[in-house]
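Secondary and tertiary structure notes
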Amino acid sequence: MSCLGNLIWFLCGGLWQGLCWTIAGILWSITIIGIPIGTQCFKFASLAFFPFGKEIQYGGGTFSVLANILWIVLSGIPLAAAAALNGILLCCTIIGIPFGLQCFKIAKLALMPFGATVR
């Protein structure tokens, strides 16, 4: 099921969400200080492209808290808002509910990406 779900997801919304994470990673990687944040964006771009069958586990330390604060202010809110809006639109239909739930998972990740791991 996860293979079929990922294929439908990629065609119906995962492509643009993954591209948003990739663009954010490129913009963060322009500066030397932003490279760790950019590499984290690239990791989560693969999740945004194909989220089915993957689970996010949250944790982290001091660096994660500081990076999350900086991230929310500069990049997190637009990515989270876009994913949440997409999730709301997908949940309007019964068929779109599983895809909408994946959008909400990505929206939460867009607010707190540092200290999170994908399994």
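Residues numbered from 1 in each chain as written. Predicted model: local features only at pLDDT ≥ 70, side-chain atom pairs only at ≥ 80, totals over all residues. Heavy atoms only, no water.

1. Some points on empty space enclosed by the protein
Rolled over the atoms, a probe sized like a water molecule indicates the empty space that remains. Scanning all chains against the criterion turns up one cavity of 30 Å³ or more. In this structure, the largest cavity encloses a volume near 50 Å³. Taken together, W16, Q17, C20, W21, L79, A82, A83 and I106 make up the full set of residues lining the largest cavity. For the lining of the largest cavity, the secondary-structure elements that each account for two or more residues are α1 (2–29) and α3 (62–90). Ranked by residues supplied to the lining of the largest cavity, first place goes to α1 with four residues. (1 Å grid on protein atoms, 1.4 Å probe; cavity = no way out; pocket = protein on both sides within 12 Å on 5 of 7 lines; lining within 4 Å. Points joined across faces, edges and corners; volume = space filled by probe spheres on them. Helix = DSSP H or I, 4+ residues; strand = E, 2+ residues; numbered from the N terminus.)

2. Considering the confidence of the model for the protein chain
Residues with a pLDDT of 70 or more make up 99% of the protein chain, whose mean pLDDT is 90. Mean pLDDT across the secondary structure elements of the protein chain bottoms out at strand β2 (residues 117–118), with 85, and peaks at helix α4 (residues 97–111), with 93. (pLDDT = per-residue confidence, 0-100.)

3. Digging into the packing of α1 against α3
Following both chains from N to C, one finds α1 and α3 inclined at 175 degrees, their axes separated by 12 Å at the closest point. With respect to α3, the element α1 is oriented roughly antiparallel. Between α1, through W9, G13, W16, Q17, C20, W21, A24 and W28, and α3, the contact on the second element is made entirely by L70, W71, L74, S75, L79, A82, A83, N86 and L90. The residue makeup of the contact of α1 with α3, split by class, is 13 nonpolar, four polar and no charged. (Axes fitted to C-alpha atoms, helices over the stretch in contact; angles between N-to-C directions. Parallel < 35°, antiparallel > 145°, perpendicular 65-115°, else oblique. Contact = heavy atoms within 4.5 Å. Nonpolar A, V, L, I, M, F, W, Y, C, P; charged D, E, K, R; others polar.)

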